[in-house]
Amino acid sequence: MSMFRKKELTAVSSEPSSMKKDLKTMDLIMLGIGAIVGTGIFVVTGVAAEQYAGPALSLSFLVAAGAIVLAGLCYAEFASRIPAIGGPYAYMYVVFGELVAWMTGWLVICEFFLAVSSVASGWSGYVHGFLTSLGVDLPKALSGAYNPANGTYVDLIAMLVLLAVTFWVSLEAKTALRLNNVMVFVKFGIIALFLVVGIFYVKPSNWQPFMPFGFSGVFSGAAVVFFAFLGFDAVSMTAEEVKNPQKDIPKGIIGSIIIATILYVIVTLILTGIVPFDALGVKDPVAFAMRFVQRDGVAGVISVGAILTLLTVTISMMYSLARIIYAISKDGLLPKFMSKIDEKNRTPKNATYVAGACTMIFAGLVPMELLAELTNIVTLMYLIVMAIGIIRLRKVAGDPKPGEFKIPFVPFVPILLVIVSIGLMVQLQAATWKAFAIALVLGFVIYFAYGYKHSNEGKIKN
């Protein structure tokens, strides 16, 4: 059937690029760390510890990291063998054909779209906390997502930060990521400050009981904090702007995952050692921990640092969201105007503006908790498709060539990723599954109403 028309592997890998190829391995590791390390430490840890895993949240991070490492291996082989912009979307176009590619791309769009919105919401929480400490309060109606019962209607700060990030990402890639790289170092400084100060306030008694919700709590916590690792896939979206994508992209993916995992486990242990887990249900848990031990000055520095460094997450995610929209529109499955490259900066400016406008609306109106769970389920779904795709790629194209990244123990590793992903998905709430079903239906509607008729591959093969 024509809806399963495929791209040839050699054709995808040799497609000409209109963008500058000036990114290297370190740029990609910084991009990955910038996207990963942020919300997981500064926002998600508090609620996840309080509601799901308690001090055992450190184990939840290790479980989630296991799934992410498996996914990272799949990404690395795909990125090495099919170095094309669009990440999973481009890979599935080669392996399974257009319909699966579109639905995978749609899930990736949903992932970054929801992730950018939720990170902006978390960023807003830190700004509100900082302003309140200075005695400045915004009108209640403008201080949170739409919730008339609570008196909030729009999160103005979340919308404003996305406006600024959209403009910044529309600039030249190297320029946009330069701020990201600087902020990554600031982020490391803030985390180091928390660890150096916080370790002296750790009370081992706060780690008892270590697993208050049992093993089920550990796995439920893993399903929630899985969100904290999202962003490693941002690296695969840079294929058209990397000097040596076959080698640099796998290094960027694996390197950023390893560094993030180490940081998450250490910070979680210190955090739950300072504050009893049942008191961590706040939007700014790291700063709150310092206020809890009356180190208000350090808390203020951490709040300012979090405000600055969470920008790296929004920049990295927005960068990736714009690139996946650009890649899909370039193939005709989304309106062509979004594939236009800015003459001066050589960036997909229209795709960036569309991404910015949509995320602003969601960040301003939808609560962060719902955004985070939806992000997790769409990501886990396309990771399942990716895992199956690796097995299929080996069948149709054989083993990787010398110099290309090769996953060990195929098909065992991809099958394990499928099992772990399903295990995490079933931990999520029924409401999340309903929203996920709606997202899938919407994806199919868009494809059959627009993409199928305007596909470049369809025009070629007809």
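Shown above is the structure to which this text applies.
Attention here is on the structure that accompanies the text. (Residues numbered from 1 in each chain as written. Predicted model: local features only at pLDDT ≥ 70, side-chain atom pairs only at ≥ 80, totals over all residues. Heavy atoms only, no water.)

1. Observations regarding the overall build of the chain
This is how it is decided: By the criteria applied, helices consist of DSSP H or I runs no shorter than four residues and strands consist of E runs no shorter than two, each listed in order from the N terminus. Atoms considered for the radius of gyration are the C-alpha atoms alone. The globule rule reads 2.2 Å times the number of residues to the power 0.38. Exposed residues in this analysis have more than 50% of their type's maximum accessible area, buried residues have under 20%, and partly exposed residues fall in between, with area computed by a 1.4 Å probe over protein chains only. When checking whether two residues touch, look at their non-hydrogen atoms; a contact exists if any pair is within 4.5 Å.
Of the regular secondary structure elements, the chain holds 17 helices and zero strands. In terms of C-alpha radius of gyration, the chain reaches 21 Å, essentially the compact-globule figure of 23 Å for 462 residues. Principal-axis analysis of the C-alpha atoms places the extent of the chain at approximately 70 × 45 × 40 Å. Residues classed as buried in the chain amount to 59% of the 462 residues present. If you take every contact in the chain between residues at least 6 apart in sequence, the share linking residues at least 24 apart comes to 84%.

2. Details of helix 2 (residues 25–36)
Which entries qualify depends on this criterion: Given the number of residues in a helix, its expected span is that number minus one, multiplied by 1.5 Å.
Between the first and last C-alpha of helix 2 there are 16 Å, a value that for 12 residues agrees with the 16 Å anticipated at 1.5 Å per step. Within helix 2, 11 of the 12 residues are buried, leaving the element largely enclosed by the surrounding structure. All of the buried residues along helix 2 are Thr25, Asp27, Leu28, Ile29, Met30, Leu31, Gly32, Ile33, Gly34, Ala35 and Ile36.

3. Examining the nonpolar core
The test is simple: For the purposes of this section, nonpolar cores are sets of buried Ala, Val, Leu, Ile, Met, Phe, Trp, Tyr and Cys residues that join through side-chain atoms within 4.5 Å.
If you look at the biggest cluster of nonpolar residues, it comprises 149 residues, and the most contacted ones within it are Phe42 and Phe194. The biggest single contributor to this core is helix 6 (residues 98–133), with 19 residues. Apart from residues no more than four positions distant in its own chain, Phe42 is found in contact with Tyr126, Lys187, Ile190, Ile191, Lys283, Asp284, Pro285, Val286, Ile302, Ala306, Thr309 and Leu310.

4. Points about helix 6
Helix length check: helix 6, at 36 residues, gives a terminal C-alpha distance of 52 Å against a target of 52 Å (1.5 Å per residue), a fit within 8%. Of all 36 residues in helix 6, 30 are buried, a share of seventy percent or more. Directly beyond the C-terminal end of helix 6, a positive phi value near 85° is found at Gly135.

5. A closer look at the pattern of salt bridges
Applied cut-off: When a carboxyl oxygen of Asp or Glu lies within 4 Å of a side-chain nitrogen of Lys or Arg, that pair is called a salt bridge.
On inspection of all chains with the given rule, the structure shows six salt bridges. A salt bridge links Asp399 to Arg394, with the nearest nitrogen and oxygen atoms 3.5 Å apart. For Asp399, a relative accessible area of 47% puts it in the partly exposed group. You can call Arg394 buried: its relative accessible area is 14%. Residues Lys406 and Asp399 are paired through a salt bridge, measuring 3.8 Å at the closest nitrogen-oxygen approach. Several salt bridges converge on common partners, so that one network encompasses Glu77, Arg81, Arg394, Asp399, Glu404 and Lys406.

6. Topic: the state of the cysteines
The following threshold applies: Two cysteine sulfurs form what is called a disulfide whenever their separation falls within 2.5 Å.
The tally for this structure, following the rule as stated, stands at zero disulfides. Cys358 provides the cysteine sulfur closest to Cys110, a residue in no disulfide bond, and the two sulfurs are 11 Å apart. When its relative accessible area of 10% is taken as the criterion, Cys110 is described as buried. You can call Cys358 partly exposed: its relative accessible area is 35%.

7. Notes on the environment of Gly144
By secondary structure assignment, the location of Gly144 is in the loop between helix 6 and helix 7 (156–169). Taking the C-alpha atoms as reference, Gly144 lies 7.3 Å from Gly364; in sequence the two are 220 residues apart.

8. Observations regarding the side chain of Thr379
Here Thr379 shows up in helix 14 (residues 368–397). With near-sequence residues (within four places) excluded, Thr379 lies in contact with Glu111, Phe226 and Leu230.

9. Details of the packing of helix 11 (residues 285–292) against helix 12 (residues 296–330)
We apply this condition: As a rule, the C-alpha atoms of each element are fitted with a line to give its axis, helices using only the stretch in contact, and angles between N-to-C directions run from 0 to 180 degrees. Between 65 and 115 degrees an angle is taken as roughly perpendicular, under 35 as roughly parallel, over 145 as roughly antiparallel, and anywhere else as oblique. All residues other than Ala, Val, Leu, Ile, Met, Phe, Trp, Tyr, Cys, Pro, Asp, Glu, Lys and Arg, Gly among them, are scored as polar; the first ten of these are nonpolar and the last four charged.
Packing of helix 11 against helix 12 brings their axes to within 7 Å, and their N-to-C directions diverge by 170°. The pairing of helix 11 with helix 12 is recorded here as roughly antiparallel in orientation. Taken together, the residues of helix 12 that come into contact with helix 11 (itself represented by Val286, Ala287, Met290 and Arg291) are Asp296, Val298, Ala299, Ile302 and Ser303. Classifying every residue of the contact of helix 11 with helix 12 gives six nonpolar, one polar and two charged.

10. Remarks on the packing of aromatic side chains
Here is the rule we go by: What counts as a ring pair is set by centres within 6.5 Å for rings of Phe, Tyr and Trp (its six-membered ring), and what kind of pair is set by the plane angle: stacked under 30 degrees, edge-to-face over 60, tilted for all other angles. Charge-over-ring placement is defined geometrically: NZ (Lys) or CZ (Arg) within 6 Å of the ring centre, and within 35 degrees of the ring normal.
Per the stated rule, a full pass over the model turns up 13 aromatic pairs. Summarising the aromatic geometry, the rings of Phe213 and Phe277 are spaced 6.0 Å apart at their centres and angled 80° between planes, so their arrangement reads as edge-to-face. Of the two residues, Phe213 sits in the loop between helix 8 (173–198) and helix 9 (214–225) while Phe277 sits in the loop between helix 10 (245–274) and helix 11, which places them 64 residues apart along the sequence. Taken together, the ring pairs in this structure connect Phe61, Phe229 and Tyr264 into an aromatic cluster. Between Arg323 and the ring centre of Tyr319, over which it is positioned, the NZ or CZ distance is 3.9 Å.

11. Observations regarding a nonpolar patch on the surface
To keep it simple, the criterion reads: Patches in this entry comprise residues that are over 30% relatively accessible and not in a salt bridge; like charges within 9 Å are linked, as are nonpolar side chains (Val, Leu, Ile, Met, Phe, Trp, Tyr) within 5 Å. Note on areas: Shrake-Rupley with a 1.4 Å probe; residue coverage comes only from the protein chains shown.
A surface patch of nonpolar side chains, amounting to about 470 Å² of accessible area, comprises Tyr146, Tyr153, Ile361, Phe362 and Leu365. Tracing the sequence through the fold places Tyr153 in the loop between helix 6 and helix 7. A residue is classified by how much of its surface remains accessible, and Tyr153, at 40% relative accessible area, is partly exposed.

12. Structural notes on the environment of Val202
Tracing the chain through its elements places Val202 in the loop between helix 8 and helix 9. Separated by 184 residues in sequence, Val202 and Met386 place their C-alpha atoms 41 Å apart. Dropping the residues within four chain positions of it, Val202 is found in contact with Trp207, Ile270, Gly273 and Ile274.

13. Some thoughts on unusual backbone geometry
The omega torsion across Gln208 and Pro209 is -5°, close enough to zero to call that bond cis. Mapped onto the elements of the fold, Pro209 is located in the loop between helix 8 and helix 9. Residue Pro411 is reached from Val410 by a cis peptide bond, and omega for that bond is 15°. Relative to the elements of secondary structure, Pro411 occurs in the loop between helix 14 and helix 15 (412–425). In this structure, Gln294 takes a positive phi of about 65° despite not being glycine. Relative to the elements of secondary structure, Gln294 occurs in the loop between helix 11 and helix 12. Judged by its relative accessible area of 69%, Gln294 is exposed.

That is the geometry; function is a separate question.
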